[in-house]
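Observations on the three-dimensional arrangement
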Amino acid sequence: MSSVLTPPASYVSIGGLRVHPVLAKVVREEVCPRTGFGPAYFFGCLASLVRELRPEVEECLARRDELQAKVDDFYEGLRASGVDTAKSEVRPQCQAFLKEIGYIEEDKGPLTISTMDVDPEIANVPAPQLVVPSDNARYVLNAVNSRWGSLFDALYGFDVVPQTAMQTPAAAGTEEVVKGGYNPVRGEAVVAFANGLLDEIAPLAAGSWSQVVRLWPKFVGAVLQLKLLLQDGTATSLKTPALFVGAVGSLGPPGAKAGAAEVAPTAAPVVPDKGRIFLKHNGLHLILEVDRDDPVGKLSLSGIK
């Protein structure tokens, strides 16, 4: 392209470029601090990219102008000869012309495109993706939080678990229903649904998640596994132990004695359970938050809130 744009006099010279003063200030005060690089290096690298890519970009822009001129001439010729270009019978002629000038390429069949150096959270993990401006802290926080959500909150607030007459405050007949707007009867339905989901994605070797009263990590040889105590006093584990990937907090075993039958399964632990169990299923992490002091944790037999 022969035309050259001259930047306004207010632009500053830095790194071989003429830069808008606002952009120069952002780079100097927000981008470069604590990186070990100065604005001159930043804009110097940008100038190198401009020198490398500018010829190709200008060639593409010139090709675009050439194609646009041919398209304009073609349609102006059709209209001048009295052809209504809006009619469907004209479309094959238009498509043939666009292929002739290279505007439309012939279908070469399926192809595979791969991108290197992409974080697995973006390339491989199926989860919500939000692209936001990095200089807006609230937007960035929303983008991060979009990848994590409370299953209990989602089930309680939406109709995945149907609202029934038994879940209304009048049916429950307790002050606890009204207090804080929380309906414990619907809460029980949510916990039951979540336990069913756990039975599907992380089944136990024996029993059901609805029967679990305690969870704790335990080393079996050199491998840390998840152990669970059922309501009837039976100790069990995950059917697929590899689904368990870690735990934090105070989640001790149900008793010092080895026999699970010697433990009163419905008795509260001496130290209230409070911690997190981490599971991984199909590349997605699931956190089971255990807190028997939480109102929802008190309602759940396992203490999961």
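Treat the numbers as computed from the prediction; the structure is a model and nothing was measured.

1. Examining the confidence of the model for the protein chain
Regions with low pLDDT carry predicted coordinates that are not meant to be interpreted in detail. Mean pLDDT over the protein chain works out to 82, with 85% of the residues at or above the 70 mark. Mean pLDDT across the elements of the protein chain bottoms out in helix H8 (residues 175–178) (45) and peaks in helix H2 (residues 39–80) (93). Across residues 256–269, confidence stays below pLDDT 50; counting only partners more than four residues off in sequence or on other chains, it has 17 contacts.

2. Concerning the nonpolar core
Soluble globular proteins: nonpolar side chains tend toward being buried together. In this structure, Trp209, Leu215, Leu226, Leu238, Ile277, Leu279 and Leu288 are the most contacted members of the largest nonpolar core, which totals 25 residues. Breaking this core down by element, the ones donating at least two residues are helix H6 (151–157), helix H9 (184–201), strand S3 (212–220), strand S4 (223–230), strand S7 (274–281) and strand S8 (284–291). Counting residues per element, this core draws most heavily on H9, at four residues. With residues near it in sequence (within four places) discarded, leucine 215 still touches Trp209, Leu226, Lys227, Leu228, Leu251, Gly252, Ile277, Leu288, Val290, Ser302 and Ile304. Of all hydrophobic cores here, the second largest spans nine residues; its members include Leu67, Phe74, Cys94 and Ile101.

3. Digging into the side chain of aspartate 291
Looking at the secondary structure, you find aspartate 291 in strand S8. Of the side chains with opposite charge, lysine 274 comes closest to the buried, unpaired aspartate 291, at an N-O distance of 4.0 Å. With residues near it in sequence (within four places) discarded, aspartate 291 still touches Asp273, Lys274, Gly297, Lys298, Gly303 and Lys305.

4. Notes on the pairing of S3
Two faces, one strand: in a regular strand the side chains alternate between the faces of the sheet. In this structure, S3 lies alongside S4, joined through eight bridges in antiparallel fashion. What sits directly across from proline 217, in S4, is leucine 226. In textbook terms, the turn of a hairpin is the stretch between consecutive antiparallel strands, and for S3 and S4 this stretch comprises two residues, one of which, glycine 221, has a positive phi near 70°.

5. Describing unusual backbone geometry
For arginine 34, which is not glycine, the phi dihedral falls at a positive 70°. On the secondary structure map, arginine 34 appears in the loop between helix H1 (21–31) and H2. Since its relative accessible area comes to 81%, arginine 34 is described here as exposed.

6. Brief notes about the sheet that holds strand S6 (residues 244–250)
Consider a sheet: its strands pair through backbone hydrogen bonds, and that pairing is either parallel or antiparallel. Here we have three strands laid out as an open sheet, ordered S6-S7-S8, and antiparallel in their pairing. Among the strands making up the open sheet, the edge pair consists of S6 and S8. Each strand of the sheet is rotated relative to its neighbour by a mean of 15°, with strand direction disregarded. Sheet analysis places S6 next to S7, joined by six bridges and oriented antiparallel. Of the residues in S7, the one forming a bridge with alanine 247 is isoleucine 277.

About the thresholds
Residues numbered from 1 in each chain as written. Predicted model: local features only at pLDDT ≥ 70, side-chain atom pairs only at ≥ 80, totals over all residues. Heavy atoms only, no water. pLDDT = per-residue confidence, 0-100. Helix = DSSP H or I, 4+ residues; strand = E, 2+ residues; numbered from the N terminus. Contact = heavy atoms within 4.5 Å. Core = buried A, V, L, I, M, F, W, Y, C linked by side-chain atoms within 4.5 Å. Buried < 20%, exposed > 50% of the residue type's maximum accessible area, 1.4 Å probe, protein only. Lys, Arg positive; Asp, Glu negative; His and termini not counted. Salt bridge = Lys/Arg side-chain N within 4 Å of Asp/Glu carboxyl O. Pairing = 2+ DSSP bridges. Axes fitted to C-alpha atoms, helices over the stretch in contact; angles between N-to-C directions.

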